[in-house]
Structure formats: C-alpha cells, structure tokens
Amino acid sequence: MANIVSKILKNECPNCNNGKVFKDKSFFFSVGFPKMNEHCSSCHYKFEKEPGYFFGAMFVNYALTVGEGIITYLFLLNFFEKPIDLRMIPIICCVIVLLCFFNIRLSRMIWIYMFRRYSV
Ligand SMILES: [Zn+2]
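Thresholds, definitions, all that
Residues numbered from 1 in each chain as written. Predicted model: local features only at pLDDT ≥ 70, side-chain atom pairs only at ≥ 80, totals over all residues. Heavy atoms only, no water. Salt bridge = Lys/Arg side-chain N within 4 Å of Asp/Glu carboxyl O. UniProt positions renumbered as here; feature names shortened; annotations may be inferred. Helix = DSSP H or I, 4+ residues; strand = E, 2+ residues; numbered from the N terminus. Donors = N, O, S within 2.8 Å, 3.2 Å for Na, K, Ca; no water. Tetrahedral: all angles 85-135°; square planar, octahedral: opposite > 155°, others 65-115°. Buried < 20%, exposed > 50% of the residue type's maximum accessible area, 1.4 Å probe, protein only.

- The protein carries the name DUF983 domain-containing protein in an unreviewed UniProt entry, which gives Flavobacterium azooxidireducens as its organism.

Printed below as a string of structure tokens:
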C-alpha cells in the first residue's frame, strides 16, 4: 500500500513505473489544469482508456476535498473556543482552493491506479 502511494506521488506509470503520467515536473506545486501524457513514454500504456475516462476521477477529487475540509476543521478546533464558528468557513475555503490543483492531479493518479489492471 505504501509502495502504491509512493508511486502515485512520484507521478509514475502504473504499468512500468518508469514513465511519467503528467508532463509537469512538479506534482505538488504546478498551477493550472494538468497536462497529461497520452501514453507512457516507456511502455506505451494508454492512460485515458476511453473518452470521458477521467470523469470518475471527479468523485475521487470530491472525496479528497471533503477529507481535507474535515481535517482542516478538526485542526481549527484547537484555535477556536466554540465547535461551530463562522470564522472557520473562510479558512476552510482557502485551504480547499489552495489544494484544488494538487487534488486534480492526485485524483487522476488514484483513478488510474484503481483501474490499472483493467484493460479495454
Ligand atoms: Zn509505462
């Protein structure tokens, strides 16, 4: 499991672990919509198996965003006296917006790894 997480964070091809999925060098700090390679440069594994393949990654992205929002809320409980404080909302929103580009990449990587054994 830790091995797969490491491969996902290193942007490695799920088939051969040599090629890169995204063209961007930095997986974490790239701003903008991610540019993906169509095929692996090493083993020619096709990342987008069919049109609209990454539509499902949107649900992974949603789960990641909700999880990050909950973690941020739990972290903020240490700094506020009441459990529900309206000042928490803009802070949570800022964290979610800052992490959105990272989440797009991460959700697509998770989606690719979820169906790496499935071939069309
Ligand atoms: Zn490959």
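### Side note on the pattern of salt bridges
- Here the structure, examined in full by the defined rule, presents 1 salt bridge.
- As a salt-bridge pair, Arg 87 and Asp 85 come within 2.7 Å of each other at their nearest N and O atoms.

### Concerning the UniProt feature "transmembrane region" (unreviewed entry) in the protein
- Mapped onto this numbering, the UniProt entry annotates "transmembrane region" (unreviewed entry) at residues 53-76 and 88-106.
- Secondary structure across residues 53-76 comprises 83% helix and 0% strand; the distance between its end C-alpha atoms is 36 Å.
- For the annotated span residues 88-106, helix accounts for 95% and strand for 0% of the residues, and the straight-line distance between the end C-alpha atoms is 25 Å.

### Observations concerning the coordination of the zinc ion
- Around the zinc ion, the protein contributes the donor atoms Cys 13 (SG), Cys 16 (SG), Cys 40 (SG) and Cys 43 (SG), which lie 2.2 to 2.3 Å from the metal centre.
- Taken together, the 4 donor atoms coordinating the zinc ion and their angles of 105 to 113 degrees define a geometry best described as tetrahedral.
- For the zinc ion, the donor residues sit on a single chain with the sequence spacing C-x2-C-x23-C-x2-C. With Cys 13 in the loop between α1 (2-9) and α2 (57-76) and Cys 40 in the loop between α1 and α2, this residue pair connects regions lying 27 residues apart in the sequence. As far as the burial class goes, Cys 13 and Cys 40 line up, both buried.

### Digging into unusual backbone geometry
- The phi dihedral of Asn 11 is positive, around 65 degrees, even though this residue is not glycine.
- By the element assignment, Asn 11 lies in the loop between α1 and α2.
- The exposure class assigned to Asn 11 is buried, which follows from its relative accessible area of 4%.
- Here the phi dihedral of His 44 falls at roughly 60 degrees; this positive angle occurs in a residue that is not glycine.

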